[in-house]
Amino acid sequence: MKSAIIDSFSDDISSVEVRDVPAPKPVAGQVRVRMTMAPVNPSDFNYMDGIYSRSFARMIWNHGAEHPTESPGSDLFPAPPYALGVEGVGVVEESGGGFLGKRLLGKRVAVVSGPPHGTWQEQTLIDARRAFPVPRSLSDAQACSFFVNPLTALVLVRHLLQVPRGAVLLQTAAGSALSQMVRNLARADGFRVIDVVRSRAGAERLKQGNSQYVVALENDDILEAVHRIAPGGVDYVLDCVGGATGSTVLRALAPRGRMVCYGTLSREPISLPPRDIMMPMTSIEGFYLAAYLARRTLFQRIGLVRKTAKLIESGVLGTSVEQTYRLDDLHAALEHARRPGRSGKVLLDLS
Ligand SMILES: NC(=O)c1ccc[n+]([C@@H]2O[C@H](COP(=O)([O-])OP(=O)(O)OC[C@H]3O[C@@H](n4cnc5c(N)ncnc54)[C@H](OP(=O)(O)O)[C@@H]3O)[C@@H](O)[C@H]2O)c1
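Reading guide: rules and limits
- Residues numbered from 1 in each chain as written.
- Predicted model: local features only at pLDDT ≥ 70, side-chain atom pairs only at ≥ 80, totals over all residues.
- Buried ≥ 20, exposed ≤ 12 C-beta atoms within 10 Å, placed from the backbone.
- Helix = DSSP H or I, 4+ residues; strand = E, 2+ residues; numbered from the N terminus.
- Arc of directions from axis to C-beta.
- Contact = placed C-beta atoms within 7 Å.
- Near = placed C-beta within 6 Å.
- Nonpolar A, V, L, I, M, F, W, Y, C, P; charged D, E, K, R; others polar.
- Domains from an automatic or database assignment.
- Pairing = 2+ DSSP bridges.
- Axes fitted to C-alpha atoms, helices over the stretch in contact; angles between N-to-C directions.

Visitor: Just to check I follow, could you spell out helix α8 (residues 222–229) for this structure?
Guide: At 3.6 residues per turn, the α-helix brings residues three or four places apart onto the same side. Those residues of α8 that sit buried are I222, A225 and V226. Seen from one end, α8 has its buried residues packed into an arc of 100 degrees, which puts them on one side. In α8, the exposed residues that point more than 90 degrees away from the buried face are E224 and R228. Contacts made by the buried residues of α8 are with β9 (168–172), β10 (192–197), β11 (213–216), β12 (234–239) and α9 (243–249).

Visitor: Help me understand the site of the ligand, please; the structure alone is not making it clear to me.
Guide: Among the 27 residues in the neighbourhood of the ligand, the closest are listed as G175, S176, L178, G263 and L289. Elements represented by at least two residues in the shell around the ligand include exactly α1 (42–49), α5 (148–160) and α6 (177–189). Ranked by residue count, the leading element in the shell around the ligand is α5, at three residues. Looking at the shell around the ligand residue by residue, the classes come out as 14 nonpolar, eleven polar and two charged. Looking at which domains feed residues into the shell around the ligand, each of domain 1 (2–145 + 319–349) and domain 2 (149–291) supplies at least three.

Visitor: Teacher, can you tell me more about the sheet that holds strand β13 (residues 253–261) here?
Guide: Adjacent strands of a sheet form backbone hydrogen bonds with each other and so pair up, either parallel or antiparallel. In space, the six strands of this open sheet follow the order β11-β10-β9-β12-β13-β14, with parallel pairing throughout. The strands lining the two open edges of the sheet, one partner per strand, are β11 and β14 (283–286). The average angle at which neighbouring strand axes cross in this sheet is 20 degrees, direction not considered. Relative to β13, β12 runs parallel, the two being bridged by five bridges. Within β13, the position partnered with V237 by the bridge is M259. Docked against the sheet, α6 engages β9, β10 and β12, running at close to 165 degrees with respect to β10.

Structure (structure tokens):
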């Protein structure tokens with residue numbers, strides 16, 4: 001079967017190779033899934049260039065360790081060579097044993113796994129607890145982006161921040177799939193959103209959609225623009241850019257406001273003058289979906305996944321797609337996914 005593999009960390013797209021490898025065999029508790037579709041997400045590039053691994057290696061619990069773990073005492077974080085692809089959709093063809101695996105046989109499931117058993121392959125292995133049967137009403141294109149963005153948007157808005165009606169939330173990289181979901185949740189929940197994008201063209205695209213307030217870094221000074229819209233500052237900031245953008249939006253917070261860092265698209269650190277958070281008593285916190293879910297009970301996780309399924313079906317957590325590529329055209333797909341100014345996701349057709 002075909003599989004998209006990297007042998008070592010690199011941000012060079014040509015270092016990913018589609019190779020023929022033997023079909024994998026599930027062990028007890030695992031299922032083998034014949035993949036039909038998978039998205040290309042920013043997190044896939046993090047697995048490619050090693051940013052996850054290097055970040056975990058800096059954490060105190062990995063101090064002096066040769067290989068990092070994701071949390072104290074957990075399994076080693078995977079290292080290449082491995083198959084890429086964090087999430088996707090497919091059909092369960094084989095169970096390695098266990099009650100759950102048997103029940104999943106023949107079912108179409110959304111999966112979230114990631115390397116070493118990536119989803120950018122014709123078949124993958126997955127812990128049966130990470131395969132979720134999806135309703136027929138969801139197309140493969142929607143079902144393949146079931147976990148990473150929809151769950152994160154839902155958790156950030158309704159669980160972590162519990163954004164109340166009437167609040168103002170600012171988000172960076174607002175042209176992203178996840179930001180569109182936040183705007184849809186805002187409409188349903190009655191809070192306002194200020195969308196910050198890097199380009200004028202990106203701002204124009206959002207104005208054509210359902211964006212209420214858009215700031216283009218190419219045109220506007222963020223703080224000037226925020227002051228015009230919310231003179232006292234914003235209640236919440238969702239930042240996935242970091243660098244100069246993340247450093248500036250921190251200062252857009254109203255007293256006691258909260259900023260959540262959940263991505264590193266600029267790859268640059270945020271500068272944090274302590275008084276900028278001391279005087280207004282604001283706070284800055286991090287969010288990583290895998291770590292958040294690991295701290296939830298199985299019952300809570302099932303509840304979240306069910307709620308997500310309903311909100312994808314109703315379109316609130318739906319994903320726009322720009323183009324779908326065959327696995328053989330992976331390099332073109334990756335180049336496209338990295339291109340600025342996309343209006344939707346790049347997907348891989350694995351069928
Ligand atoms: N922490 C977590 O657990 C978690 C979970 C899910 C997603 N995320 C993060 O959420 C973010 C959005 O993911 P997504 O899948 O929704 O993204 P996406 O749909 O692939 O879109 C990426 C967006 O980022 C913008 N962008 C890329 N590089 C940028 C830069 N250097 N500066 C400013 N904007 C930049 C692009 O804007 P242009 O239109 O200008 O090209 C594009 O709109 C990512 O950072 C991802 O890693 C984190």
